[in-house]
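Examining the three-dimensional arrangement
Spelled out from the first residue to the last, the chains are:
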Amino acid sequence: MSERKTLDERQQMSDLERLRHSCAHVMATAILRIWPDAQFAYGPPVENGFYYDFDMKHRITPDDFPQIEAEMKKIAKENQKFERQTVSRDEARAMAESGRLGGLSERPGNPSRFKLDLIDKIPEGEEISCFRNGDFIDLCAGPHVGYTSKCKNVRLMSVSSSFYMGDESKGQLQRLYGTAFESKELLEEHLVRLEEAKKRDHRRLGRELGLFHIDELVGQGLVLWKPKGALVRRALQEFITDELDKQGYAQVFTPHIGKLDLYRTSGHFPYYQESQYPPIAERDVLEKLADEDASCASLVHGLADGTHEGYLLKPMNCPHHIRIFASEHHSYRDLPVRLAEFGTVYRWEQSGELGGMTRVRGFTQDDAHLFCTPEQVSAEVQGCLGLVKTVLSTLGMNDYRVRLSLRDPASDKYVGSPENWDKAEAALREAVRTLGVEYTEEIGEAAFYGPKIDFVVKDVIGRDWQLGTVQVDYNLPVRFGLTYVGPDNAPHVPVMIHRAPFGSMERFTGLLIEHFEGKFPTWLAPEQVRVLPVSDKAIDFAESAAATLADAGVRTGIDRSSDKIGAKIRNARLERVPYMLVIGQREAEEGSVSVRHRDRDDLGPMPLDAFVASITREIAHRAL
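So, here's what we can say about the structure. (Residues numbered from 1 in each chain as written. Predicted model: local features only at pLDDT ≥ 70, side-chain atom pairs only at ≥ 80, totals over all residues. Heavy atoms only, no water.)

1. Some thoughts on the overall build of the protein chain
What counts, and what does not: Secondary structure elements follow DSSP: runs of H or I of four or more residues count as helices, runs of E of two or more count as strands, with numbering from the N terminus. A simple rule labels every residue: compare its accessible area, found with a 1.4 Å probe on the protein chains alone, to the largest value its type can have, and call it buried under 20%, exposed over 50%, or partly exposed in between. Should any heavy atoms of two residues lie within 4.5 Å, those residues are considered in contact. The method behind every accessible area is Shrake-Rupley, applied with a 1.4 Å probe, and residues are considered shielded solely by the protein chains displayed. Neither His nor the chain ends is counted toward charge; the positive residues are Lys and Arg and the negative residues Asp and Glu. Every charge is mapped onto a representative atom, which is NZ of Lys, CZ of Arg, CG of Asp or CD of Glu.
Looking only at helices and strands, the protein chain has 21 helices and 28 strands in total. Taking all 624 residues of the protein chain together, the buried fraction comes to 52%. Taking contacts inside the protein chain between residues at least 6 apart in sequence as the whole, the part at least 24 apart equals 72%. On the protein chain, roughly 29400 Å² of surface is accessible, and the fraction owed to carbon and sulfur atoms is 48%. Computed over 80 positive and 96 negative side-chain charges, the separation of the two mean positions in the protein chain equals 5 Å.

2. Observations regarding the packing of helix 4 (residues 89–97) against helix 5 (residues 113–121)
Here is the rule we go by: Geometry is summarised by axes, namely lines fitted to C-alpha atoms with helices restricted to the contacting stretch, and by angles between N-to-C directions that run from 0 to 180 degrees. Every angle not falling under 35 degrees, over 145, or within 65 to 115 is termed oblique; those three ranges are roughly parallel, roughly antiparallel and roughly perpendicular. Crossing handedness is read from the near helix: turned anticlockwise from the far helix by less than a right angle, it gives a left-handed crossing, and turned clockwise, a right-handed one. Only Asp, Glu, Lys and Arg are considered charged in this grouping, and only Ala, Val, Leu, Ile, Met, Phe, Trp, Tyr, Cys and Pro are considered nonpolar; every other residue, Gly among them, is considered polar.
Close contact between helix 4 and helix 5 brings their axes to 8 Å; oriented N to C, the two are set at 165°. Taken together, the axes of helix 4 and helix 5 are roughly antiparallel relative to one another. Where helix 4 crosses over helix 5, the handedness of that crossing is left-handed. Across the interface between the two elements, Arg 89, Ala 92, Arg 93, Ala 96 and Glu 97 of helix 4 pack against Lys 115, Leu 116, Ile 119 and Asp 120 of helix 5. A breakdown of the residues in the contact of helix 4 with helix 5 according to their chemical character gives four nonpolar, no polar and five charged.

3. Quick notes on the side chain of Glu 349
Let me state the cut-off plainly: Whenever a nitrogen or oxygen atom comes within 3.5 Å of another N or O atom, the pair is scored as a polar contact, on the condition that within protein one atom can donate a hydrogen and the other can accept it, and that pairs from neighbouring residues in sequence are kept only if both atoms are in side chains.
Mapped onto the elements of the fold, Glu 349 is located in the loop between strand 15 (337–346) and strand 16 (362–372). In this structure the side chain of Glu 349 is engaged in a polar contact, spanning 3.1 Å, whose partner is the side chain of Arg 359.

4. Observations concerning a positive patch on the surface
For the record, the criterion: Patch members must show over 30% relative accessible area and no salt bridge, and they are joined within 9 Å when carrying like charges or within 5 Å when they are nonpolar side chains of Val, Leu, Ile, Met, Phe, Trp or Tyr. For this document, the term salt bridge refers to a Lys or Arg side-chain nitrogen within 4 Å of an Asp or Glu carboxyl oxygen.
On the surface, a cluster of positive charge is made up of Lys 73, Lys 77, Arg 155 and Lys 184. Here Arg 155 is to be found in strand 7 (residues 154–163). Its relative accessible area of 31% is what places Arg 155 among the partly exposed residues.

Following this line, the structure appears as structure tokens:
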């Protein structure tokens, strides 16, 4: 609600959004029939549903959902018509002061206080409208479906707290979420997907499988990779590093902070300021300002305008890589220069937007920056796109679409000349056409320094995730004065390509946990084999078998507990270990193992050396 939509923008709702917007009004009507004192703020459609913010004495809990849903179904059966009514500003205020707006009738002594505020926010000269269904009337620009009978396939999903207009000082409200679809079948399919998503939730699985931890004492959005999660991350990094070595990348390491002037030059500060942690002042600056009894505001303004020296937790790796490139002289014969880094960056996200590993404040990108001649751009971009395709195909993520994000010529958030933007967009458009996949162009979604190609992957339950990205940048090389010597012995400005196939290790791993439901393919699994001795008589051979596997590079554990073999097998399956080797006295005498698979069950007895050969081949091929 911080950025008010125009009337034209409000009318751009899809049919499904229109339905869900209407269901929000039906939900408000139902709540008022049960709790007439409710004060409603606003109720927009959102991704996958709708919500309404309101204030009342009764605190809604999931126990109230059946009663509210039953009342909503009654309202749907009543087939109330959604009727639009245009009113003057004075008429709207009078209705709000009487409590009629957002109510079923006038409510003396209970004016519609949120509606009074919203009326004041409507620009002078803009048409004011209300929508009515039955006795309920609300300040609303629309649009809506024709009748409430369309609003029968609904389900209340959750309730939470919110702040009016996102402002804590304005008091806490209740926010009730629901969802709706055009048919009962579509609603049921959605609910099934949600149940599947709960089973696959990486936050729950990450905790149960011991993959990662987020600790309040460390800070929200800052992931602690536990040993098992670190093994998954290491396997992913080794995989991408192997591919980078084949393509001639050079790996670099850069610090986690940089001087503010570095980011002023790049444009990240101030263009990216709202998404950054606050600058860090140098110690002597702090001491000087403290001696002068200066205010915090003077420090903030001084860091912003360059009066004071300071540092910034890096929001991007590219300025550091640029300075590595600039540290040496380059000829056109040296290009392309490909610099890669698993670089950790820091972004300030609102606490309400954080979620497990997929929305964090500190994350590591599988980042790389390529510096090339204009003639090399097309081939280098295609190489980057090929790398992303290799990553996705290796992991079985073959259902994806491609998004070409371009600048909005009417916006002032982009840096660089229109000519350079035109060249960069043309280069990406040419490259994306070589992929042979469907792609869309989205105006206004480019980074501030250049257009980009994003891969949007659909997971096994139909959710979209933006993962790999490739960007062409003609602007940062100019801002940093980068040059190389061309065949004419004159200086030329290189073109810069940004690319990250995974996007971030945190987000990508969170997605993989959910995609595989924690059942990683063997090459990714933190524990690839668990040896299960049936009794103490088999422990010596079990230890020897585990050591043999470990020597072959297989991540192996051994269950030395006194549990019976059935319990050992069950525990290994619960922990998603791909292979279990049952070793009893007979196996110990024969030098064999009885092989069980997490999903394929009992595979029978096998000589130990044959199993080692089989699993090492599976790991080397990164088989799914």
